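What the coordinates show
What follows is each chain in one-letter form.
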Amino acid sequence: MHQSQIDQLRDAPIETPMMIIGGQPVLAISGKTLPVISPIDGQEIAQIPDAGTGDVDLAVAAARRSFEGAIWAGLAPAARKSVLLKWADLIEVNALELAVLGVRDNGTEISMAYKAEPFSAIGTIRYYAEAIDKVYGEVAPTGPDTLGMILREPVGVVAAIVPWNFPMMIAAWKIAPALASGNSVVVKPSEMASLTVMRMVALALEAGLPDGVLNVVTGTGAVAGQALARSMDVDALAFTGSGGVGRQLMEYAAQSNLKRVFLELGGKSPHIVFDDCADLDKAATAVVNGIFRNAGQVCIAGSRLIVQRSIHDVFVKKITKLAAKMRVGDPLNMTTQVGALNSELHMQRVLDVITGAHSIETGGERIHADTGGFYIAPTIISGVTEDDLLFKEEIFGPILTVTAFDDEADAIRLANNTELGLAAGVWTDNLSRAHRMVAAVRAGVVHVNTFGGADNTVPLGGYKQSGNGQDKSLLAIDKFTNRKTVWIKL
Ligand code: NAD
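Reading guide: rules and limits
- Residues numbered from 1 in each chain as written.
- Predicted model: local features only at pLDDT ≥ 70, side-chain atom pairs only at ≥ 80, totals over all residues.
- Heavy atoms only, no water.
- Domains from an automatic or database assignment.
- Contact = heavy atoms within 4.5 Å.
- Buried area = accessible area lost by both parts, 1.4 Å probe.
- Salt bridge = Lys/Arg side-chain N within 4 Å of Asp/Glu carboxyl O.
- Polar contact = N/O pair within 3.5 Å; in protein donor to acceptor, adjacent residues only side chain to side chain.
- Helix = DSSP H or I, 4+ residues; strand = E, 2+ residues; numbered from the N terminus.
- Buried < 20%, exposed > 50% of the residue type's maximum accessible area, 1.4 Å probe, protein only.
- Pairing = 2+ DSSP bridges.
- Near = heavy atom within 4 Å.
- Areas by Shrake-Rupley, 256 points an atom, 1.4 Å probe, with all protein chains shown as cover.

For an interface, size is often stated in terms of accessible area lost upon the parts coming together. Split into domains, the protein comes out as domain 1 (3-265 + 466-487) and domain 2 (270-455). Each partner contributes to the interface: domain 1 provides 28 residues, whereas domain 2 provides 31 residues. Regarding the contact of domain 1 and domain 2, the summed buried area is about 2300 Å², with carbon and sulfur atoms giving 55% of it. A per-residue breakdown of the area domain 1 buries against domain 2 is headed by E109, W164 and S466, which together make up 25% of the total. One can count two salt bridges joining domain 1 with domain 2. If you look at where domain 1 meets domain 2, you find 19 residue pairs in polar contact (both at pLDDT 80 or more). Only α1 (3-9), α4 (95-106) and α5 (110-131) provide two or more residues apiece to the side of domain 1 that touches domain 2.

Set out below in structure tokens:
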């Protein structure tokens, strides 16, 4: 990746984005569209189809037809594997173009997006493609006159509804294991970042995925998303997004066909630093990157620093210095470390949260407003107590709160004092303490002496109200397969 290549692509005209239903590129039946506003400068860069219920029904019907026709599920595992591997290769060939398109759409800095978007999706697709002929059924330990087998079968039609912060990465977390298991899929990206997912689906067809096996519909959550979630013909719904929408999806499932609903929701992850951490500089860098990259719009972002009182002042000084130096701005500049907030509305919500906060150590305001883009300086707010709303609610922006603790029990209590439980970070050089903390913190991912970076081999899923589904790892295949018992009398 070179800056000159990025610059060539930054203003490239965007061909009319089309949904793909039954293998055909289509616009919404109504002809309605939604504007795509780039967070880089607030300018409109494209229009995406605004699907209605009728469009969603067509996509679900196409998926159902392809599933019942067994044009994908019925292929030999090796054939399915080679299509998915080819798909990953095509994404790789187009990686830079996809990364730049995605950044224009959602504002993530390219230094992060390049790896976290196309290349993460490529890795995920390859991982599940390779799993296709390595995941077995089971034979039960029955008596000699019986054979008990447990077969895995695809659930049927899977809907994936994904957010705007990492559209390709998160879509791949759902689509790849679902396709690898033989399902047909309808994906709905966020109306705030749909362009790369639409391109990704087009590349899947180019790779030889049969028509109807992977469909993409775009539009609002309230209409297109709701129609998918209420569909009587969707067997499983895999969702990543906010807790509020997650709750609604469970209701829609209950009111329709009791489809399986898998939720990956928000976080309020504690980043806990003990005074026995040997390398406070390393911890400070991880704390700052753990909240400010992608302007804090990361589900596992370590948004609550919980630091031992004895090192509080020293540590806050370190992170403040680092945060104040971060390069914020044009996300298509390779040296930028903090890109844009996804939309003006989201930026305004984050700024509203800052208003009224006391003890702002650094940041606290919109910057680069002259560009028309949506940027907020990395913000550190100290003296936050567990009663403050700032301590409890996910903000999803570049804001780090700081709370001091006295001893290990205090740190555990503070870390767990939230309804959410997606991730956590612990910095200590005491091995026993590290293990105690891992056991005590109620979160789906606990990092020790590092933050972020977990790969496809391990699951990502929430405790408490951070969700009930698990993306990544072979465990994700469980979501998209039924287990069928076969009981044979010999
Ligand atoms: P969101 O919940 O607003 O939207 C997510 C998706 O749901 C979008 O595609 C949207 O169109 C759709 N949607 C909205 N209303 C709907 C409805 N009534 N019916 C059906 N679909 C509907 O979330 P967002 O703002 O796009 O993303 C940010 C949230 O996602 C944050 O809370 C973040 O923590 C969470 N997130 C979680 C993870 C994880 O792995 N747990 C990863 C990334 C983001």
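A positive phi is found at H368, a non-glycine position, where the angle reads about 50 degrees. Along the polypeptide, H368 turns up in the loop between β15 (366-367) and β16 (375-376). For H368, a relative accessible area of 34% gives the class partly exposed.

Burial analysis of strand β10 (residues 236-240) places five of its five residues in the buried class, the great majority of the element. Taking every second residue as pointing to the same face, both faces of β10 are buried, with A236, A238 and T240 on one and L237 and F239 on the other. Summarising the sheet, strand β7 (residues 157-161) and β10 pair through four bridges and their orientation is parallel. Bridge pairing links I161 to F239 in β10. Bridge count for β10 against strand β11 (residues 260-264) is five bridges, and the pairing is parallel.

Moving on: the site of the ligand. Around the ligand lies a shell of 29 residues, among which V162, E191, S242, L265 and E394 are the nearest. Between the ligand and W164 there is a distance of 3.0 Å, counted from an oxygen atom to a side-chain nitrogen or oxygen. Between the ligand and E394 there is a distance of 2.5 Å, counted from an oxygen atom to a side-chain nitrogen or oxygen. Contact with the protein chains covers 90% of the free accessible surface of the ligand, which is 840 Å².

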